[in-house]
Amino acid sequence: MASTISVFDEEQILNMLARIQQLEKQKMSIFGILLIVMGIALLAFSQLHGGTDFRDFLSGLMMGISVGEMLVGVFIIGRSFTKQ
């Protein structure tokens, strides 16, 4: 069983590191967008419930969680863009 050893020069290594950093930014942006979309969906779902005290409580709880989720998503997206 022969093993292959790849030799890279400094330019190739720097290019690979730059690509890895770019992929990390893209991953964080996608994660932020996903949080915002989930927050909007939860916000819409919270509007469907209500009527009794307990259901109003759950609706308010879902609304609070959705707003928090969207804020975290915006923060993550903003942070990923500022690290360019």
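Right, let's walk through the structure included here. From a predicted model like this one, the values you see are computed outputs, not experimental measurements. (Residues numbered from 1 in each chain as written. Predicted model: local features only at pLDDT ≥ 70, side-chain atom pairs only at ≥ 80, totals over all residues. Heavy atoms only, no water.)

Scanning the model with the defined rule gives 1 salt bridge in all. With a closest N to O distance of 3.5 Å, Glu24 and Lys27 form a salt bridge. In this pair, Glu24 and Lys27 both sit in helix 1 (residues 10–46), 3 residues apart, roughly one turn of the helix. Exposure remark for Glu24: the relative accessible area of 41% places this residue in the partly exposed category. Note on Lys27: relative accessible area 48%, which makes it partly exposed. (Salt bridge = Lys/Arg side-chain N within 4 Å of Asp/Glu carboxyl O. Helix = DSSP H or I, 4+ residues; strand = E, 2+ residues; numbered from the N terminus. Buried < 20%, exposed > 50% of the residue type's maximum accessible area, 1.4 Å probe, protein only.)

Taken together, Phe8, Ile13, Leu14, Met16, Leu17 and Ile20 make up a surface patch of nonpolar side chains, about 570 Å² in accessible area. With respect to the helices and strands, Leu17 occurs in helix 1. Residue Leu17 is classed as partly exposed on the basis of its relative accessible area, which comes to 48%. (Patch = residues over 30% accessible without salt bridge, like charges linked within 9 Å, V, L, I, M, F, W, Y side chains within 5 Å. Areas by Shrake-Rupley, 256 points an atom, 1.4 Å probe, with all protein chains shown as cover.)

The subject of this paragraph is helix 2 (residues 53–82). The end-to-end C-alpha distance of helix 2 is 43 Å, a good match for the 44 Å that 30 residues give at a rise of 1.5 Å each. Ser59, Met62, Ser66, Glu69, Met70, Gly73, Ile76, Ile77 and Ser80 are the residues of helix 2 that are buried. (Expected span 1.5 Å × (residues − 1).)

Further remarks concern helix 1. Here helix 1 spans 54 Å end to end across 37 residues, near enough to the 54 Å set by a 1.5 Å rise per residue. Of all the residues in helix 1, the buried ones are Ser29, Gly32, Leu35, Gly39 and Ser46. Turning to helix 1, the residues buried within the fold contact helix 2. (Contact = heavy atoms within 4.5 Å.)

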